[in-house]
Amino acid sequence: MSRRKPSAAPAPACVQWRLPHWAGASFLLLWWAFIGWIYYHRPETAPRWALWPGLLPDLSSASVAALARAARLSACLAGLILLGFGLGAPLLRALRLVPGGRLEAACVGAGLGLGLTGTGMLVLGLLGLWNGPAAAVSLAAALCVGALYLRFGENAAVPAGTADRWGAWEILCAGLLSAAAAFNFLGALMPEIFYDALVYHLALPELYWLRGGITATPENLYSGLPMLIQMLYALALPLGGDGLAHLLHWSFGAGAALLAYSFARRFSGRKAGLLAALLFYTIPTAGVLSWKGGVELGWAFFELLSLSALARRLEAGIQGRGWTVVAGLAAGFAMASKYQAWPLLPVLCLAFPAALPAGISWKDRCKETALLAALALAALSPWIIKNVLFYGNPIYPFLHEHFSMGPLPRWREVLADGGSLSPASLFSSWEGARAFLTHPWSLTLGNNDINSIGPVFLLGLPLLALCRYRCAGLRGAWLASLLLWGAWSLSSTLSRFLLPHLLPMCVLFAAAFEEGLDGRIKALCRPLMLFLF
């Protein structure tokens, strides 16, 4: 009589409650009910339900010309993404990295390629080569590389993913995501009215095209800001004007949602991935920014790409050190998008060595962290060099009085317009300290304009505090998210600058929900979640 082989032990959960399961689930339900009741019973919230029909576009009145324009811009957008993939995918192959699926491979490859494309546009601009023939030849060559790699160079080792059937909850989440993406796509076709885009996001690239390259423009004090995303807009403007620039920003938001799906699915399954993408993409600020020529969604994409690559490194062991290269480059591209993204590098330098497995010596931890930092600074350095050459100030226009005796830009007003604050002001008075301690509440319940982040931040905070993330990748993302949130709360009051840091939090929220609760509690929470979030 043959002995029956013992079944393999199930893999340990990536997320566990710090409290007894019944206590944690009970607290979460009570917290959601409490916050949801307050949020939706505010006097200004009730009338908004009546506004929804007016927000839905009347597609029956769309003209043939409008539909043809949308189709042309979509084709141009596909070409720009193909350009990025053609440059980024060979880099993945050179590093001998195998993403977890074709979706992740597409997001990582296109993200790296678009970052390199933006940097290349900066170099061409500094050389004075923003003219018709040079730009056309460079663009055509990159597109040919992308097309050839897509046709002949696909990595056969990338798994195609599972083919198991989708449940009703997954289909519903995917449908809501698709509806939000389609709604935002239509919003992105509107004319530009965003002040920042009209003054410098789109205005400066258009000026540089007229001049044939990037030149010093001290009359526009925003010209010293890092502008990686604007360099991509520079490619879009000759092809499709501000409409294509909007769609490019929209694609960064959609790509960030797909990357969140891939990140969360890798650790906690497909339901967690869909929930993470849905939590992020339905934040009101994410939707509104999709309609504008902004930079925050590109910043969010590159920041999550860096964290996702570090999670890959932490889970893969020694064989995954190539992911450190991806993480460093993506962090540099995020920092090259906006000065407010610069805290990402010190945060990664703190979180990455702390989250590495215990068997790695501190000497090796420091070496790999130094590699990460060096790559990030290398990706950022062209912008610093540009400012030194043009203005003699690596962080122009800020602190310019310490670098030059010439006319001083009014950089303090720029900081004030951007919602910046001094950490000293938070703790020099009781009012400042109270505002700091209660800012999660005020962000959710006190912000009612288009910069609203909705209830996701406040509703999900208990999951960050009461859950223990056991997987190294999620633990590193948890630590980085807390540090990034702390850096934002000490330096800014503008909620759209918090949005990139909410993206990894949505991944953590979704993983905690799917793995930290049993099936009955999740079945009870899902209808409530759809209403609240």
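Residues numbered from 1 in each chain as written. Predicted model: local features only at pLDDT ≥ 70, side-chain atom pairs only at ≥ 80, totals over all residues. Heavy atoms only, no water.

1. Topic: the packing of helix α4 (residues 102-126) against helix α13 (residues 322-335)
What describes two packed helices is the angle between their axes and the distance between those same axes.
Turning to step 1, where the next piece is worked out: Two elements in contact, α4 and α13, have axes separated by 10 Å at closest approach and are oriented at 50°. One way to sum up the angle between α4 and α13 is to call them oblique. Pair α4 / α13 crosses with left-handed handedness. Across from V108, L112, G115, L116 and T119 in α4, the residues of α13 making contact are W323, V326, L329 and F333.
Turning to step 2, where the next piece is worked out: For the contact of α4 with α13, the residue count by class is 7 nonpolar, 2 polar and no charged. (Axes fitted to C-alpha atoms, helices over the stretch in contact; angles between N-to-C directions. Helix = DSSP H or I, 4+ residues; strand = E, 2+ residues; numbered from the N terminus. Parallel < 35°, antiparallel > 145°, perpendicular 65-115°, else oblique. Left-handed = near helix turned anticlockwise from the far one by under 90°. Contact = heavy atoms within 4.5 Å. Nonpolar A, V, L, I, M, F, W, Y, C, P; charged D, E, K, R; others polar.)

2. Quick notes on the side chain of R365
Turning to step 1, where the next piece is worked out: With respect to the helices, strands and loops of the structure, R365 is situated in helix α15 (residues 362-391).
Turning to step 2, where the next piece is worked out: Among buried charged residues, R365 stands out as having no salt bridge; its nearest opposite-charge side chain is D364, 8.3 Å away.
Turning to step 3, where the next piece is worked out: Not counting residues within four places of it along the chain, the set of residues in contact with R365 comprises P353, A354, L356, P357, A358 and I360. (Buried < 20%, exposed > 50% of the residue type's maximum accessible area, 1.4 Å probe, protein only. Lys, Arg positive; Asp, Glu negative; His and termini not counted. Salt bridge = Lys/Arg side-chain N within 4 Å of Asp/Glu carboxyl O.)

3. Comments concerning the side chain of E104
Turning to step 1, where the next piece is worked out: Relative to the elements of secondary structure, E104 occurs in helix α4.
Turning to step 2, where the next piece is worked out: Residues contacting E104, with those up to four places away along its chain left out, are P99, S262, R266, S308 and R312.

4. Looking at the pattern of salt bridges
Turning to step 1, where the next piece is worked out: Counted by the stated rule, this structure contains 13 salt bridges.
Turning to step 2, where the next piece is worked out: Where R211 meets E219, a salt bridge forms, and the shortest distance between an N and an O atom there is 3.5 Å.
Turning to step 3, where the next piece is worked out: Note on R211: relative accessible area 40%, which makes it partly exposed.
Turning to step 4, where the next piece is worked out: A salt bridge links R410 to E413, with the nearest nitrogen and oxygen atoms 2.7 Å apart.
Turning to step 5, where the next piece is worked out: Using a relative accessible area of 55% as the deciding quantity, one classes R410 as exposed.
Turning to step 6, where the next piece is worked out: A relative accessible area of 41% means that E413 is categorised as partly exposed.
Turning to step 7, where the next piece is worked out: A network of salt bridges, in which partner residues are shared, links E104, R266 and R312.

5. A look at the state of the cysteines
Turning to step 1, where the next piece is worked out: For the coordinates displayed, the defined rule picks out 1 disulfide.
Turning to step 2, where the next piece is worked out: The disulfide partner of C14 is C471, and the gap between their sulfur atoms is 2.1 Å. An S-S torsion of about -70° defines the bridge between C14 and C471 as left-handed. Placement of the pair is C14 in the segment before β1 (15-17) and C471 in the loop between β2 (467-469) and α21 (472-489), with a sequence separation of 457 residues.
Turning to step 3, where the next piece is worked out: For C471, a relative accessible area of 15% corresponds to the buried category. (Disulfide = S-S within 2.5 Å.)

6. Remarks on the packing of α21 against helix α22 (residues 499-516)
Turning to step 1, where the next piece is worked out: Relative to each other, α21 and α22 sit at 140°, their axes nearing to 9 Å. On the basis of their axis angle, the class for α21 and α22 is oblique. Crossing of α21 over α22 shows left-handed handedness. Across from L474, A477, W478, S481, L484, W485 and W488 in α21, the residues of α22 making contact are H501, P504, M505, L508 and A511.
Turning to step 2, where the next piece is worked out: Split by residue class, the contact of α21 with α22 holds 10 nonpolar, 2 polar and no charged.

7. Comments concerning the environment of L437
Turning to step 1, where the next piece is worked out: With respect to the helices, strands and loops of the structure, L437 is situated in helix α18 (residues 430-437).
Turning to step 2, where the next piece is worked out: The sequence separation of L437 and S489 amounts to 52 residues, and the corresponding C-alpha distance is 9.5 Å.

8. A closer look at the packing of aromatic side chains
Turning to step 1, where the next piece is worked out: What the rule picks out here adds up to 21 aromatic pairs.
Turning to step 2, where the next piece is worked out: Considering the side-chain rings of F34 and W441, the 6.2 Å spacing of their centres and the 40° angle between planes classify their relative orientation as tilted. Taken together, the residues F34 in helix α1 (residues 21-40) and W441 in helix α19 (residues 439-445) connect sequence positions 407 residues apart.
Turning to step 3, where the next piece is worked out: Ring geometry for W130 and Y208: centres 6.1 Å apart, planes at 70°, overall edge-to-face. Residue W130 is located in the loop between α4 and α5 (132-152), and its partner Y208 is located in helix α8 (residues 203-211); the two are separated by 78 residues in the primary sequence. Comparing W130 with Y208, the two get one shared label, buried.
Turning to step 4, where the next piece is worked out: An aromatic cluster is present here, built from F27, W31, F34 and W441 joined pairwise through their rings.
Turning to step 5, where the next piece is worked out: Across from the ring centre of F194, 4.6 Å away, lies the NZ or CZ of K292, which sits over that ring.
Turning to step 6, where the next piece is worked out: Note that R365 overlies the ring of W362, its terminal NZ or CZ placed 4.8 Å from the centroid. (Phe/Tyr/Trp six-rings, centres within 6.5 Å; stacked < 30°, edge-to-face > 60°. Lys NZ or Arg CZ within 6 Å of the ring centre and 35° of its normal.)

9. A short note on the environment of E104
Turning to step 1, where the next piece is worked out: When its relative accessible area of 2% is taken as the criterion, E104 is described as buried.
Turning to step 2, where the next piece is worked out: Between the C-alpha atom of E104 and that of S308, which follows or precedes it by 204 residues, the distance is 9.9 Å.
Turning to step 3, where the next piece is worked out: Within polar-contact distance, the side chain of E104 engages the side chain of R312 at 2.7 Å. (Polar contact = N/O pair within 3.5 Å; in protein donor to acceptor, adjacent residues only side chain to side chain.)

10. Quick look at α15
An α-helical turn contains 3.6 residues, so any two residues separated by three or four positions project in the same direction.
Turning to step 1, where the next piece is worked out: End to end, α15 covers 40 Å across 30 residues, agreeing with the expected 44 Å (1.5 Å per residue, within 8%).
Turning to step 2, where the next piece is worked out: For α15, the principal kink sits at L380 and spans about 45°; a proline, P382, occurs within the next four residues.
Turning to step 3, where the next piece is worked out: Just downstream of α15 lies G392, where phi reads positive at about 70°. (Expected span 1.5 Å × (residues − 1). Bend = angle between axes of the 7 residues up to and from the residue.)

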